[in-house]
Amino acid sequence: MNTNTSPLPLAGIRVVEFSHMVMGPSCGLILADLGAEVIKVEPPGKPGKPGDPTRYLTNSGAGFFAAFNRNKKSVILDIETDTGLDAAKQLVAGADVFIENFRPGGLDAKGLGYQALSAGNPGLIYCSLKGFLPGPYENRT
């Protein structure tokens, strides 16, 4: 029986996660497992299948979403709309950490890049995870 009642090391830290597939969700998962409050922002999805498309994987992908997103909260925001984009910015304004793993410049174009978000939240830690370092492949997805 574990009688340790001390808080986890990242208790009290709020993380907003804009991610997909493996790299971003893995980062958020580790932070959540260490006690951070991780809020995963999901896209609106398709009719009848709201949220992250990995929620609906079958066969060898079944369980992917649950495995990589345990201990997280989720919210669906359509950042293609003014309402959704404003909600995302308000969410990040109250966060300690922002995680993203989209193509270079993808979130900058929506006003969710480091410069824009840190202007409203100067202490924000902005973690941008990329599959390729600067070089000939840096713009690959």
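These lines cover the structure that appears in this document, whether it is placed above or below. Position numbers for residues start from 1 in each chain and track the written sequence from start to end. Where local features are concerned, this predicted model is filtered to residues with pLDDT of at least 70; where side-chain atom pairs are given and counted, the filter is 80 or more; whole-chain, interface and lining totals use all residues. Calculation of side-chain values draws on the structure's entire complement of heavy atoms; hydrogens and water are dropped beforehand.

1. Structural notes on the layout of surface pockets
Summary: where empty space remains is shown by rolling a probe the size of a single water molecule over the atoms.
Inference 1: The definitions used throughout rest on a 1 Å grid laid over the protein atoms alone, on which a cavity is an enclosed set of points accommodating a 1.4 Å probe that cannot get out and a pocket is an open set flanked by protein within 12 Å on both sides along at least five of seven lines; lining residues are those having an atom within 4 Å of a point. Grid points are joined across faces, edges and corners, and a volume is the space filled by probe spheres set on the points. By volume, the largest pocket amounts to about 320 Å³.
Inference 2: Lining the largest pocket are 18 residues, and of these Phe18, Pro43, Ile79, Phe102 and Leu107 sit closest to its centre.
Inference 3: For this classification, the nonpolar set comprises Ala, Val, Leu, Ile, Met, Phe, Trp, Tyr, Cys and Pro, the charged set comprises Asp, Glu, Lys and Arg, and every other residue, Gly included, is treated as polar. Considered class by class, the residues forming the lining of the largest pocket number 9 nonpolar, 3 polar and 6 charged.
Inference 4: In this model, the second largest pocket occupies a volume close to 170 Å³.
Inference 5: Class assignment for the residues of the lining of the second largest pocket results in 5 nonpolar, 4 polar and 4 charged.

2. Thoughts on the packing of aromatic side chains
Given two aromatic rings, their pairing is described by the distance between the two centres and the angle made by the two planes.
Inference 1: Aromatic pairs are defined between Phe, Tyr and Trp rings, using the six-membered ring for Trp, whenever the two ring centres lie within 6.5 Å; interplanar angles under 30 degrees are classed as stacked, those over 60 as edge-to-face, and all others as tilted. On inspection of all chains with the given rule, the structure shows 5 aromatic pairs.
Inference 2: With 4.9 Å between their ring centres and 35° between their planes, Phe98 and Tyr126 make a pair best called tilted. One end of the pair, Phe98, is in strand S4 (residues 97-100); the other, Tyr126, is in strand S5 (residues 125-128), and 28 residues separate them in sequence. As far as the burial class goes, Phe98 and Tyr126 line up, both buried.
Inference 3: A centroid spacing of 6.0 Å and a plane angle of 55° characterise the contact between Phe132 and Tyr137, whose relative ring orientation is tilted.
Inference 4: Grouped by ring-pair contacts, the aromatic residues Phe18, Phe98, Tyr114 and Tyr126 constitute a single cluster. For helices the rule is a DSSP run of H or I covering at least 4 residues; for strands it is a run of E covering at least 2, with both sets numbered from the N terminus onward. When accessible area is computed with a 1.4 Å probe and restricted to protein chains, residues below 20% of their type maximum are described as buried, those above 50% as exposed, and intermediate ones as partly exposed.

3. Quick look at the sheet that holds S5
Consider a sheet: its strands pair through backbone hydrogen bonds, and that pairing is either parallel or antiparallel.
Inference 1: The 5 strands lie next to each other as S3-S2-S1-S4-S5, forming an open sheet whose pairing is parallel. The open sheet is flanked by strand S3 (72-76) and S5, the only strands paired with a single partner. Recorded for the sheet is a direction-independent mean angle of 20° between the axes of neighbouring strands.
Inference 2: What makes two strands pair is DSSP finding at least two bridges between them. Judged from the 4 bridges that link them, strand S1 (residues 14-18) and strand S2 (residues 37-42) form a sheet pairing that is parallel. Looking at the pairing, Glu17 lines up with Lys40 of S2. Only the stretch in contact is used when fitting a helix axis, every axis being a line fitted to C-alpha atoms; angles between N-to-C directions are given from 0 to 180 degrees.

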